[in-house]
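The chain contents come next:
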Amino acid sequence: MKEIRWLDEREMAAWTAFLEASHRVFRSVEQQLKDDAGLSHPQYEILVKLAAAGEAGIRMTELADSLITSKSGLTYQVGQLEKRGLVARRACPTDVRGVTATLTEAGRTALAEAAPGHVARVREALIDTLDREELATLARAFARVGHRLRD
């Protein structure tokens, strides 16, 4: 059995600071989106990804992978957006088993209306709290963590 490497004081401080800050940022962003746009954060991220995909849309499996979520969780969120007329699903033209999601015109409008408040909250909660050097360090550090944890 491998010996456990317990966190030292500095490591524990970094871990607990990360947990608190990330939870507070995510809650703040989530609340702003719900209050101002009636969207959850995952729903907003879906709209962003679909907007970037353009008219062709994106396959649901690729969308789930890019959002780092389960296929069932994505299906639920897309279903909620579809009920609101913000997203449409259709059979994939190149694979009969696949489903493609696209942003509707109402979805583009909802995203355009939600984006300014979302960006303002992200700035308030995180970006404007840090200086340029801290932002660069944070970006490098979390890019490295993300890379390590990718499949």
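What counts and what doesn't
- The numbers attached to residues start from 1 for each chain and follow its sequence in the written order.
- Owing to the predicted nature of the model, reporting of local features is limited to residues with pLDDT of at least 70; listing and counting of side-chain atom pairs is limited to 80 or more, with chain, interface and lining totals taken over all residues.
- Side-chain numbers come from the whole structure's heavy atoms, not from hydrogens or water.
- Salt bridges are defined as contacts in which a side-chain nitrogen from Lys or Arg sits within 4 Å of a carboxyl oxygen from Asp or Glu.
- Helix numbering and strand numbering both begin at the N terminus, where a helix is a DSSP run of H or I of at least 4 residues and a strand a DSSP run of E of at least 2.
- Only protein chains enter the accessibility calculation, which uses a 1.4 Å probe. A residue is then buried if its area is under 20% of the maximum for its type, exposed if over 50%, and partly exposed in between.
- Note that the arc is defined by the directions from the helix axis to the C-beta atoms.
- Any two residues whose heavy atoms approach within 4.5 Å are treated as being in contact.
- Here a cavity denotes a set of grid points, spaced 1 Å apart and computed over the protein atoms alone, in which a 1.4 Å probe fits but from which it cannot get out, and a pocket denotes an open set meeting protein on both sides within 12 Å along at least five of seven lines; residues with an atom within 4 Å of a point are reported as lining.
- Grid points are joined across faces, edges and corners, and a volume is the space filled by probe spheres set on the points.
- As a working rule, the residues Ala, Val, Leu, Ile, Met, Phe, Trp, Tyr, Cys and Pro are called nonpolar, Asp, Glu, Lys and Arg charged, and the rest polar, with Gly in that last group.

Caption draft 1: Structural context of the pattern of salt bridges. Throughout the structure, instances matching the rule amount to seven salt bridges. Residue Glu 20 is joined to Arg 24 by a salt bridge in which the shortest nitrogen-to-oxygen separation is 2.8 Å. Residue Glu 20 and its partner Arg 24 are both found in helix H1 (residues 9-37); the two are separated by four residues, about one turn of the helix. For Arg 24, a relative accessible area of 56% corresponds to the exposed category. The partner of Asp 128 in a salt bridge is Arg 123, and the shortest N-O contact between them spans 2.8 Å. Among the charged side chains, a salt-bridge network with shared partners connects Glu 55, Glu 105 and Arg 108.

Caption draft 2: Region of interest: helix H3 (residues 60-67). Buried within H3 we find Met 60, Leu 63 and Ala 64. Buried residues of H3, viewed axially, fall in a sector of 100°; they line one side. Residues of H3 that are buried in the fold lie against helix H2 (41-53), strand E1 (58-59), helix H4 (71-83), strand E2 (87-91) and strand E3 (99-103). Backbone geometry just after H3 places Ile 68 at a positive phi near 55°.

Caption draft 3: Geometry of the layout of surface pockets. Of the pockets and cavities examined, the largest pocket occupies roughly 1700 Å³. Forming the boundary of the largest pocket are 38 residues, of which Phe 18, Phe 26, Ile 68, Phe 142 and Gly 146 lie nearest the centre. The set of elements that each furnish at least two residues to the lining of the largest pocket consists of H1, H2, H3, H4, helix H5 (105-125) and helix H6 (132-149). Counting residues per element, the lining of the largest pocket draws most heavily on H1, which supplies 10 residues. Classifying every residue of the lining of the largest pocket by side-chain character gives 23 nonpolar, eight polar and seven charged.

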